[in-house]
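# Observations on the three-dimensional arrangement
Spelled out, the chains give:
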Amino acid sequence: RKTFAFTESDFKKIFLKYGVSLGVTEEQFVSLFRTDLGNGLRCLGQFKDGRDNKDYYCTEMSYHLEQEIFKTVEQTKSRSNGLSPERANALLARFAIDEHGKRLLNEEQWHAIKAITTTRDQHFVVQGLAGTGKTHMLNFARQIWEAEGYEVLGACYTGNAAHGLQKDAKIPSRTLHSHLNRLERETGNQETKGNFKNKTTWNLLGLKPSTKREVWVVDEASLVDNIAMWHLMKAAEIK
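Residues numbered from 1 in each chain as written. Predicted model: local features only at pLDDT ≥ 70, side-chain atom pairs only at ≥ 80, totals over all residues. Heavy atoms only, no water.

## Looking at the packing of aromatic side chains
Test applied: Each aromatic pair joins two rings of Phe, Tyr and Trp (for Trp, the six-membered one) with centres within 6.5 Å, and gets the label stacked for planes under 30 degrees apart, edge-to-face for over 60, and tilted for any other angle. Three exposure classes are used, based on accessible area relative to the maximum for each residue type with a 1.4 Å probe and protein chains only: buried under 20%, partly exposed in between, and exposed over 50%. Only DSSP runs of H or I with at least four residues qualify as helices, and only runs of E with at least two residues qualify as strands; both kinds are numbered from the N terminus onward. Here, over-ring charges are defined by two tests on the NZ atom of lysine or the CZ atom of arginine: distance to the ring centre within 6 Å, and angle to the ring normal within 35 degrees.
If you walk through the whole model with that rule in mind, you get 8 aromatic pairs. Ring geometry for Phe6 and Phe11: centres 5.3 Å apart, planes at 45°, overall tilted. Phe6 gets classed as buried once you look at its relative accessible area, which sits at 12%. With a relative accessible area of 27%, Phe11 lands in the partly exposed category. Each ring, one from Phe33 and one from Tyr57, has its centre 5.0 Å from the other, and the planes form 85°; the classification is edge-to-face. Of this pair, Phe33 sits in helix H2 (residues 26-36) while Tyr57 sits in strand E2 (residues 52-59), placing them 24 residues apart in sequence. For Tyr57, a relative accessible area of 6% translates into the label buried. The ring of Tyr63 carries Arg42 above its face, with NZ or CZ at 3.7 Å from the centroid. Between Arg103 and the ring centre of Trp110, over which it is positioned, the NZ or CZ distance is 3.7 Å.

## Focus: the sheet that holds strand E3 (residues 151-156)
For the record, the criterion: Strand pairing requires that DSSP identify at least two bridges connecting the strands. The axes used here are C-alpha line fits, helices contributing only the stretch in contact, and every angle between their N-to-C directions lies in the interval 0 to 180 degrees. Contacts between residues were defined by any pair of non-hydrogen atoms, one from each residue, lying within 4.5 Å.
Taken together, the 3 strands give an open sheet; going across it, the order is E4-E3-E5, and neighbouring strands pair in parallel fashion. Of all the strands in the sheet, just strand E4 (173-175) and strand E5 (214-219) have a single pairing partner and so form its edges. Here the average twist between neighbouring strands, direction ignored, is 25°. Examined bridge by bridge, E3 and E5 share 6 bridges and lie parallel to one another. Each residue of the ladder has a partner; that of Gly154, found in E5, is Val217. Sitting on the sheet, helix H8 (residues 176-187) touches E3, E4 and E5, and the angle it makes with E4 is about 95°.

## Considerations on the packing of helix H6 (residues 134-147) against helix H7 (residues 159-169)
Rule in force here: For this classification, under 35 degrees means roughly parallel, over 145 means roughly antiparallel, 65 to 115 means roughly perpendicular, and everything else is oblique. Take the far helix as your reference; a near helix turned counterclockwise from it by less than a right angle gives a left-handed crossing, and one turned clockwise gives a right-handed crossing. Polar here means any residue outside two lists: the nonpolar Ala, Val, Leu, Ile, Met, Phe, Trp, Tyr, Cys and Pro, and the charged Asp, Glu, Lys and Arg; Gly therefore counts as polar.
Relative to each other, H6 and H7 sit at 60°, their axes nearing to 8 Å. Regarding the angle of H6 to H7, the classification is oblique. In the crossing of H6 with H7, the sense of the turn from one axis to the other is right-handed. Together, Thr135, Leu138, Asn139 and Arg142 of H6 and Gly164, Leu165, Asp168 and Ala169 of H7 make up the contact between the two elements. For the contact of H6 with H7, a count of residues per class yields 3 nonpolar, 3 polar and 2 charged.

Right under this line is the structure:
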């Protein structure tokens, strides 16, 4: 299971699961864990875990990768060409109001679509609980983007999510791994053999800018590990 932060107890369970057969003891784990603090491991501080506060840790590589993601988000603000509010309103009126003048979206969905279609930031996040109609909303966002000449593509954490996004929002979708594999094939860097479903890194050196304007919709983005997200964001800067 991929995770960014973990407690000492979490790490010990994994460590001993694979180490016991090699003769590793719990005392050895404690000694090694203390040694690695500051040398490959970083303490993030105490956070609430149930009723208790517990120290959480991450690897130095994970920490710096996440900082790089935050930096990329900051650097790519105001670098895209969003629609004007007037244009977004006009297209919403065309696609999201029926012949009787009734809105096909609730107030929050309406404002979310306006936000994601008018933003000038390259990366934009919509957070919503399950069942709040995010996919329904994206169907109308897709129509607006397509009316403006964009190709809308879905990249999802799971195959089921890709199927749902394609079925309900009419956005051509594939898994995030499949999306990155396709981009790697475009560069000519992809090996002809390998376990493409479980890749953890992609060589996107030489990826060329697309001749088309594209919007990438990442469903279940909170489940995506930082390595895959970093590759996707770097590819988006080029595409």
